[in-house]
Amino acid sequence: MAEPARSSDSLNVERSALNVERSAGGGPILQARGLAKSYLSGDRRIEVLRGTDLDVAAGESVSIRGESGSGKSTLLHLLAGLDAPDAGTLAWAGAPIVAADATERRATYLGMVFQSFYLIPELDALQNVLMASRILGRPGPADRARARELLGRVGLAGRVTHLPAQLSGGERQRVALARALMNSPPLILADEPTGNLDERTGDTVIELLLSLCRETGTALVLVTHNAAHAAKTHRGLFLHDGVLR
Amino acid sequence: MPWYLYLALKQLFPTGRRFPFFTVISILGVALGVALLIVSISVMGGFGHEIRRMIVETQGDVQVRARGLIENPAEVRAQLAQVPGVVATTPFAEGVVLLEHASRPAYPNVQGVSLTHVGQVIPLRRYVRMGSLDHLDDESIILSAQLAVAIGARVGDTVELYSPLLLQKLRQDEIFLPRGLRVAGIFEVGHQQLDSTVVLVTLRLMQDIYGLGGAVHGINIKIAPDADADGVARAINRILPDTLRARSWAELNQDFLFVLQLEKNMIFFLLTFIIVVSAFSVTSSLLIAVVRKTREIGLLSALGGKPRHVAACFCFQGFLIGLGGTIFGLGLGFAALHFRNDMVTAFTKLTSSETVLARFYQFSQLPSYSAPGDVTAIIVCSIVISTLAGLLPAWRAAKLNPVEALRSE
């Protein structure tokens, strides 16, 4: 596997400027209050989240661990505005978010990384990364240059024209990282990004994710089972019995 | 290009794949339907066009007839010549006779034509295959090709003609003698009915054998190329007495033309179902694609894609398949039309049925006429049906809950 490039001056300059802008507000970049979510399983109602609170500051990395089925992914989907909570409120940069209206803002405010990569198989690595900016309707020359730069940053400069099927699991996840960063979001939500990778590749991907977030001042919410990965974030939380501790 | 159109194109024509199987098969399905429609409607249009041409060339653009006989044809012709749009006129008389040669009888329709004027209205000379129109006189006859074969008559032979007038004389115990006529020529229009049932004589001879005196049954009229036959017929009717009536070729043959149009519409309607069937297969394939790409649809939502844009992505795929299939189908259809006679010849040779086409289908060559309106209707139908085929998958994709889509296995 190719070793990711360690730095990118232009990325850093751009991100530094972004950090100043983000820090100016001073408030949390993500604020969740009393999030509750339950599901019906047959006749039984299962309460997955019971009044969960979470604040994430700009540039902060937070890990969330928990047992399988404890509701980590559900929480992440609520934080992303992909699902509506039964109770509680969510705000991005102080602005309240309702799931039904979140779609448009999500494209600019959030980057998401998933366990299963979710690359579009018909598109090559570069086109997959550019998809994030296409959704914003702006795949111009500057975006292409940025996508190439991001792919270079994650160590895939030589594989931009490769289809997902021609990439290894680790390489696919790095393409997904580049895609998540494409629109310069202030926050990345990562749902067990190493779940489908071997330990060594998983470590590399997490290192890369954390270093990219550090360099660019992007806040990160990392859902993981891996205690070592969680230990590398600024703050570690544990989801138990529907509440974050 | 909006992302949903870009993604639709990429899903149909993925990067790095030379042969996108689903796309090619779907386009081929629509193309076959379009090609079949183009060929069928054009051939039907060709038959209609040929029949219309033949009607006009054998009857003229407008025909004037009386309730009985037109006793003063010269006067009527002089009146007709004053009507704007009328280029030429020719009187005619017609009836049924018994024709016999070598003990083989036939009962053709006999047309008495004015040798002086007929050429200005009806291009008879073009259809005379043997002998000559110039050899036609009051003692001769021109036979249609298949009739000549049926009674075994050739140019120069003598045929015997029995008219209804001779039968009347027979009833009055008068001498009953048939009229011996020399075969001056043989014509072939290319229309089975005309080529097997019509004979031509001079107008004078026809008036003689039917006892018409100077009267005629009607007057055929040729109009200017840019004139409207119905309009000219209406103008003529305004100046003619009530005993005479002018009718355009379309009015004279309106039942026949209605049947032709009805047949064409029915074929269009039935063959459109080929496109509908291929559209169903497109729907089915796109529905499978929606199921197969459920997690990608979830991802698009996570990236900020709106449900209506996800729907547009699948709908646009249906449109593109329809567009591709229509373009390919048009090419295929027009290519088949270009080589239609070669294909028919090859097929009839293969099945040893070279003569059947002319004998039963009235034309020696397969006619074709692609009316712009018909081609436009086929294009619109094909693209609209294919686009509609993408609606159901599009609706399913748009209704997917992003969270459930992302969690799907």
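Cut-offs applied
- Residues numbered from 1 in each chain as written.
- Chains lettered and ligands numbered in written order.
- Predicted model: local features only at pLDDT ≥ 70, side-chain atom pairs only at ≥ 80, totals over all residues.
- Heavy atoms only, no water.
- Helix = DSSP H or I, 4+ residues; strand = E, 2+ residues; numbered from the N terminus.
- Contact = heavy atoms within 4.5 Å.
- Salt bridge = Lys/Arg side-chain N within 4 Å of Asp/Glu carboxyl O.
- Patch = residues over 30% accessible without salt bridge, like charges linked within 9 Å, V, L, I, M, F, W, Y side chains within 5 Å.
- Areas by Shrake-Rupley, 256 points an atom, 1.4 Å probe, with all protein chains shown as cover.
- Core = buried A, V, L, I, M, F, W, Y, C linked by side-chain atoms within 4.5 Å.
- Buried < 20%, exposed > 50% of the residue type's maximum accessible area, 1.4 Å probe, protein only.
- Phe/Tyr/Trp six-rings, centres within 6.5 Å; stacked < 30°, edge-to-face > 60°.
- Pairing = 2+ DSSP bridges.
- Buried area = accessible area lost by both parts, 1.4 Å probe.
- Polar contact = N/O pair within 3.5 Å; in protein donor to acceptor, adjacent residues only side chain to side chain.
- Nonpolar A, V, L, I, M, F, W, Y, C, P; charged D, E, K, R; others polar.
- Disulfide = S-S within 2.5 Å.
- Domains from an automatic or database assignment.
- Arc of directions from axis to C-beta.
- Axes fitted to C-alpha atoms, helices over the stretch in contact; angles between N-to-C directions.
- Parallel < 35°, antiparallel > 145°, perpendicular 65-115°, else oblique.
- Left-handed = near helix turned anticlockwise from the far one by under 90°.

## Quick word on the overall build of chain A
For step 1, the next point in the chain: From N to C terminus, chain A includes eight helices and 10 strands.
For step 2, the next point in the chain: By sequence separation, contacts in chain A at least 24 residues apart represent 74% of the contacts at least 6 residues apart.

## Observations regarding the pattern of salt bridges
For step 1, the next point in the chain: Inspection of the entire model under this criterion finds 20 salt bridges over all chains.
For step 2, the next point in the chain: In this structure, Asp 86 of chain A and Lys 37 of chain A form a salt bridge, with 4.0 Å as the shortest nitrogen-oxygen distance. Separated by 49 residues along the polypeptide, Asp 86 of chain A in the loop between helix H2 (72-79) and strand E4 (87-92) and Lys 37 of chain A in strand E1 (residues 30-41) bring together distant segments of the chain.
For step 3, the next point in the chain: Among the salt bridges present, the one from Asp 374 of chain B reaches Lys 264 of chain B, with a minimum N-O distance of 2.6 Å.

## As for a nonpolar patch on the surface
For step 1, the next point in the chain: Together, Phe 258, Val 259, Leu 262, Met 266, Phe 269, Leu 270 and Phe 273 of chain B line one region of the surface with nonpolar side chains, adding up to about 700 Å² of accessible area.
For step 2, the next point in the chain: Following the sequence through the fold, Leu 270 of chain B ends up in helix H12 (residues 254-292).

## Some details on the nonpolar core
Inside soluble globular proteins, nonpolar side chains tend to come together where they are buried.
For step 1, the next point in the chain: Within the largest apolar cluster, 83 residues are counted, with the highest numbers of intra-cluster contacts made by Leu 30, Leu 54, Leu 79, Met 131, Leu 189 and Val 221 of chain A together with Phe 314 of chain B.
For step 2, the next point in the chain: With nine residues, helix H14 (residues 307-338) of chain B is the single largest residue contributor to this core.
For step 3, the next point in the chain: With sequence-adjacent residues up to four places away left out, Leu 30 of chain A is seen in contact with Leu 54, Asp 55, Val 56, Leu 79, Leu 90, Ala 91, Trp 92, Leu 187 and Val 221 of chain A.
For step 4, the next point in the chain: Formed by 49 residues, the second largest nonpolar core is a distinct cluster that contains Leu 143, Met 206, Ile 209 and Ala 235 of chain B.

## Looking at the packing of aromatic side chains
For step 1, the next point in the chain: As enumerated under the stated definition, the model contains five aromatic pairs over all chains in all.
For step 2, the next point in the chain: Between Trp 92 of chain A and Tyr 109 of chain A, the aromatic rings sit 5.3 Å apart at their centres with planes inclined by 5°, giving stacked as the arrangement. Residue Trp 92 of chain A is located in strand E4, and its partner Tyr 109 of chain A is located in helix H3 (residues 102-109); the two are separated by 17 residues in the primary sequence. Each member of the pair Trp 92 of chain A and Tyr 109 of chain A is classed as buried.
For step 3, the next point in the chain: Plain terms: the ring middles of Trp 3 of chain B and Tyr 4 of chain B are 5.9 Å apart, the flat faces sit at 85° to each other, and that makes the pair edge-to-face.

## Considering the pairing of strand E8 (residues 219-223) of chain A
All names here are of chain A.
For step 1, the next point in the chain: The buried fraction of E8 is high, at five of five residues.
For step 2, the next point in the chain: Bridge count between strand E3 (residues 61-66) and E8: four bridges; the pairing is parallel. Of the residues in E8, the one forming a bridge with Ser 63 is Leu 222.
For step 3, the next point in the chain: Pairing analysis gives five bridges linking strand E7 (residues 187-191) to E8, with the strands arranged parallel.

## Quick notes on the side chain of Arg 134 of chain A
For step 1, the next point in the chain: Of note, Arg 134 of chain A is situated in helix H4 (residues 125-135).
For step 2, the next point in the chain: When near neighbours in sequence (up to four residues on either side) are disregarded, Arg 134 of chain A contacts Pro 139 and Arg 144 of chain A together with Met 1, Trp 3 and Tyr 6 of chain B.

## Quick look at the sheet that holds E3 of chain A
Residue and element names in this part refer to chain A.
For step 1, the next point in the chain: Pairing is mixed in the open sheet, where six strands are placed in the order E6-E7-E8-E3-E9-E10. Each edge of the open sheet is held by one strand with a lone partner, namely strand E6 (110-113) and strand E10 (243-244).
For step 2, the next point in the chain: One ladder, built from two bridges, connects strand E9 (residues 235-240) with E10; its direction is antiparallel. Across the sheet, His 240 pairs through a bridge with Val 243, a residue of E10.

## What to know about the interface of chain B and chain A
For step 1, the next point in the chain: Facing 23 residues of chain B, the contacting portion of chain A comprises 26 residues.
For step 2, the next point in the chain: For the pairing of chain B and chain A, the buried interface totals around 2,400 Å² over both sides, and the portion due to carbon and sulfur atoms is 64%.
For step 3, the next point in the chain: In this assembly, chain B and chain A are joined by one salt bridge.
For step 4, the next point in the chain: Among the ionic pairs, Glu 122 of chain A bridges to Lys 293 of chain B, the shortest N-O distance being 2.3 Å.
For step 5, the next point in the chain: Across the chain B-chain A interface, the total number found is three residue pairs in polar contact (both at pLDDT 80 or more).
For step 6, the next point in the chain: For the side of chain B that touches chain A, the elements supplying multiple residues, two or more each, are helix H1 (3-12), helix H13 (294-302) and helix H19 (402-407) of chain B.
For step 7, the next point in the chain: Tallying contributions element by element places H13 of chain B first for the side of chain B that touches chain A, with six residues.
For step 8, the next point in the chain: For the side of chain B that touches chain A, the residue count by class is 12 nonpolar, five polar and six charged.

## Examining the state of the cysteines
All names here are of chain B.
For step 1, the next point in the chain: Under the definition given, this model contains zero disulfides over all chains.
For step 2, the next point in the chain: Cys 315 provides the cysteine sulfur closest to Cys 381, a residue in no disulfide bond, and the two sulfurs are 17 Å apart.
For step 3, the next point in the chain: On the accessibility criterion, Cys 381 (25% relative accessible area) is partly exposed.

## Re the domain arrangement of chain B
For step 1, the next point in the chain: Entries for chain B in the domain assignment read domain 1 (3-52 + 256-407) and domain 2 (62-226).
For step 2, the next point in the chain: When each unit is reduced to the centre of its C-alpha atoms, the spacing between domain 1 of chain B and domain 2 of chain B is 51 Å.

## Let's talk about helix H10 (residues 229-239) of chain B
Residues and elements named next belong to chain B.
For step 1, the next point in the chain: Among the residues of H10, those classed as buried are Ala 229, Val 232, Ala 233, Ala 235 and Ile 236. Along the long axis of H10, the arc covered by the buried residues comes to 160°, so they all point the same way. Relative to its buried face, H10 has exposed residues pointing more than 90 degrees away, namely Arg 234 and Arg 238.
For step 2, the next point in the chain: Lining the buried residues of H10 we find strand E1 (62-70), helix H3 (73-80), strand E2 (86-96), strand E11 (216-223), strand E12 (244-248) and helix H11 (249-252).

## What about the sheet that holds strand E2 (residues 44-56) of chain A?
Residues and elements named next belong to chain A.
For step 1, the next point in the chain: One open sheet accounts for four strands, arranged E2-E1-E4-E5; its pairing is antiparallel. The open sheet has two edge strands, E2 and strand E5 (95-96), and neither has a second partner.
For step 2, the next point in the chain: Relative to the sheet, H2 contacts E1, E2 and E4, its axis offset from that of E1 by approximately 125°.

## A word on the packing of H4 of chain A against helix H6 (residues 169-181) of chain A
Residues and elements named next belong to chain A.
For step 1, the next point in the chain: In contact at an axis separation of 7 Å, H4 and H6 are set at 30° when each is read in the N-to-C sense. In terms of axis orientation, H4 runs roughly parallel to H6. When the axes of H4 and H6 are compared, the crossing they make is right-handed. Contact residues: Ala 125, Asn 128, Val 129 and Ala 132 in H4; Val 175, Ala 178 and Arg 179 in H6.

## Thoughts on the environment of Val 43 of chain B
Residue and element names in this part refer to chain B.
For step 1, the next point in the chain: Locating Val 43 in the fold gives a position in helix H2 (residues 21-59).
For step 2, the next point in the chain: Given a relative accessible area of 12%, Val 43 falls into the buried group.
For step 3, the next point in the chain: With sequence-adjacent residues up to four places away left out, Val 43 is seen in contact with Leu 337, Leu 366, Pro 367 and Ser 368.

## Here's the deal with the packing of H6 of chain A against helix H7 (residues 199-216) of chain A
Residue and element names in this part refer to chain A.
For step 1, the next point in the chain: Relative to each other, H6 and H7 sit at 15°, their axes nearing to 10 Å. It follows that H6 is roughly parallel to H7 by the angle criterion. In terms of crossing hand, the pair formed by H6 and H7 is right-handed. Where H6 approaches H7, its residues Gly 170, Gln 173, Arg 174, Leu 177 and Leu 181 are matched on the opposing element by Thr 201, Val 205, Leu 208, Leu 209, Leu 212 and Thr 216.
For step 2, the next point in the chain: When its residues are assigned to classes, the contact of H6 with H7 shows six nonpolar, four polar and one charged.

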